[in-house]
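Examination of the molecular architecture
Take a look at the letters that make up each chain.
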Amino acid sequence: MVLTIVKYGHPALRQKGARIESITPEIKKLIADMFETMEENHGVGLAAQQVGMAKQLTVIDVRGVTDRPSTLERDGQPADVASIMPLVLINPVITPAGEPVTGGEGCLSFPEIFAEITRPGFVEVKALDAKGKPLEFRCGGLLARAVQHEVDHLNGLLFIDRMDKKTKLELQPELDDLQAVTKTELAKKK
Ligand code: ZN
């Protein structure tokens, strides 16, 4: 089932996700629905907050992007990125590594808004997979960017919090408009 993606201004986007203690049928259904929603919207990643659920759960799939490479290491050895796709991260803990890299970023909760964001170029990831089994890897490139963007969501952080002041100032009118539209829609539903 394709879920509604909440937009900037929705309170769920600022909530820290609750840890997932067991992979219940509800969580399995949520994972399947999040993949369907991400694919429908041509996204690379989607966090539970973006479908209004404040949980430590995100789905990622970088296979559709061919012009921005990703790297993967497992057990200290280079590995095929596709081998862990599609990727489910539950209760992820990340350790950023490597020099900062600047690259373009968008977010399904901020339609039509794109910006250059600087983040560490590599990240070490510890999480549980869709079956609740421990998963550990190190990644770089687009995958490292996606993981950091999504883990930020799980902590109630957004890519606008990572923009430099000048970029955010330039985008402020668009951000204010988006937030106003979201708040108006929320008020109608009450
Ligand atoms: Zn996002």
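Cut-offs and rules
- Numbers given to residues run from 1 along each chain, matching the order in which its sequence is written.
- Side-chain atom pairs in this predicted model are given and counted only at pLDDT of 80 or more, local residue features only at pLDDT of at least 70, and totals for whole chains, interfaces and linings cover all residues.
- As a rule here, side-chain values cover all heavy atoms of the structure and leave hydrogens and water aside.
- A run of DSSP states H or I qualifies as a helix once it reaches four residues; a run of E qualifies as a strand once it reaches two. Both are numbered from the N-terminal end.
- The reference for a compact globule is 2.2 Å times residues^0.38; the radius of gyration itself is calculated from the C-alpha atoms.
- A 1.4 Å probe rolled over the protein chains alone gives each residue an accessible area, and that area as a share of the maximum for its type sets the label: buried under 20%, exposed over 50%, partly exposed in between.
- Here the positive residues are Lys and Arg and the negative ones are Asp and Glu; neither His nor the chain ends is included.
- Throughout, a charge is located at the NZ atom of Lys, the CZ atom of Arg, the CG atom of Asp or the CD atom of Glu.
- Sulfur atoms of two cysteines make up a disulfide when they are within 2.5 Å.
- Any pair of residues with heavy atoms lying within 4.5 Å of one another is described as a contacting pair.
- Note on pairing: DSSP must find at least two bridges between two strands before they are called paired.
- Between N-to-C directions, angles cover 0 to 180 degrees, with each direction set by a line fitted to C-alpha atoms, over the stretch in contact for helices.
- Patch criteria: residues need more than 30% relative accessible area and no salt bridge. Like-charged residues are merged within 9 Å; nonpolar side chains of Val, Leu, Ile, Met, Phe, Trp and Tyr are merged within 5 Å.
- Here the accessible surface of atoms and residues is derived via Shrake-Rupley with a 1.4 Å probe, and residues count as covered only by protein chains that are part of the display.
- Whenever a carboxyl oxygen of Asp or Glu lies within 4 Å of a side-chain nitrogen of Lys or Arg, that contact is scored as a salt bridge.
- Only rings of Phe, Tyr and Trp enter the pairing, Trp through its six-membered ring, and a pair is recorded when the two centres are within 6.5 Å. The plane angle decides the type: under 30 degrees is stacked, over 60 is edge-to-face, the rest tilted.
- Buried and open spaces are told apart on a 1 Å grid over the protein atoms alone, a cavity being a set of points where a 1.4 Å probe fits but cannot get out and a pocket being an open set with protein on both sides within 12 Å along at least five of seven lines. Residues with an atom within 4 Å of a point are the lining residues.
- Grid points are joined across faces, edges and corners, and a volume is the space filled by probe spheres set on the points.
- Residue polarity is assigned by list, with Asp, Glu, Lys and Arg as charged and Ala, Val, Leu, Ile, Met, Phe, Trp, Tyr, Cys and Pro as nonpolar; anything else, Gly included, falls into the polar class.

What about the overall build of the protein chain?
If you tally the helices and strands in the protein chain, you get 3 helices and 7 strands. When the helices and strands of the protein chain are read in sequence order from the N terminus, they spell out α-β-β-β-β-β-β-β-α-α. Scaling as 2.2 N^0.38, a compact globule of 190 residues should have a C-alpha radius of gyration of about 16 Å, and the protein chain matches this with 16 Å. Put simply, the protein chain has 190 residues, and 44% of those count as buried. Side-chain charges of the protein chain comprise 24 positive and 27 negative groups, with the mean position of each set lying 6 Å from the other.

Observations regarding the state of the cysteines
The full count for this structure, using the stated rule, is 0 disulfides. The thiol of Cys139 is unpaired, and the distance to the nearest cysteine sulfur, on Cys107, comes to 18 Å.

Quick word on the side chain of Gln50
Take Gln50: it is sitting in the loop between β1 (45–47) and β2 (57–60). Accessibility expressed as a relative area gives 1% for Gln50, which makes it buried. Excluding residues that lie within four positions of it along the chain, Gln50 makes contacts with Thr4, Ile5, Val6, Leu13, Gly45, Cys107, Leu108, Ser109, Glu150 and His153.

Here we look at the sheet that holds β1
Strand order in this open sheet of 7 strands is β1-β2-β5-β6-β7-β3-β4, and the pairing throughout is antiparallel. Both edges of this open sheet fall to β1 and β4 (77–78), since each of them pairs with a single strand only. The pairing of strand β3 (residues 70–74) with strand β7 (residues 134–140) spans 3 bridges and is classified as antiparallel. Each bridged residue has a counterpart across the sheet, and for Leu72 the counterpart in β7 is Cys139. Helix-sheet contacts for helix α1 (residues 25–40) involve β1, β2 and β5 (87–105), and the interaxial angle to β2 is about 40 degrees.

Here's the deal with a negative patch on the surface
Together, Glu112, Glu174, Asp176 and Asp177 line one region of the surface with negative charge. Within the fold, Glu112 resides in the loop between β5 and β6 (115–128). Given a relative accessible area of 68%, Glu112 falls into the exposed group.

A few points about the packing of aromatic side chains
On inspection of all chains with the given rule, the structure shows 2 aromatic pairs. Between the aromatic rings of Tyr8 and Phe110, the centroid separation amounts to 4.9 Å while the plane-to-plane angle is 25 degrees, which identifies the pairing as stacked. Highlighted residues: Tyr8 in the segment before α1 and Phe110 in the loop between β5 and β6, separated in sequence by 102 residues. Phe110 matches Tyr8 in its accessibility class, with the two residues each being buried. Taken together, the ring pairs in this structure connect Tyr8, Phe110 and Phe159 into an aromatic cluster.

Some details on the layout of surface pockets
Taken as a whole, the largest pocket holds about 550 Å³ of empty space. When contributions to the lining of the largest pocket are tallied by element, the ones reaching two or more residues are α1, β5 and α2 (141–154). With 5 residues, α2 is the single largest residue contributor to the lining of the largest pocket. Counted by class, the lining of the largest pocket contains 10 nonpolar, 9 polar and 8 charged residues. Size it by volume and the second largest pocket reaches roughly 200 Å³. Every element with two or more residues in the lining of the second largest pocket is listed here: β3, β5, β6 and β7.

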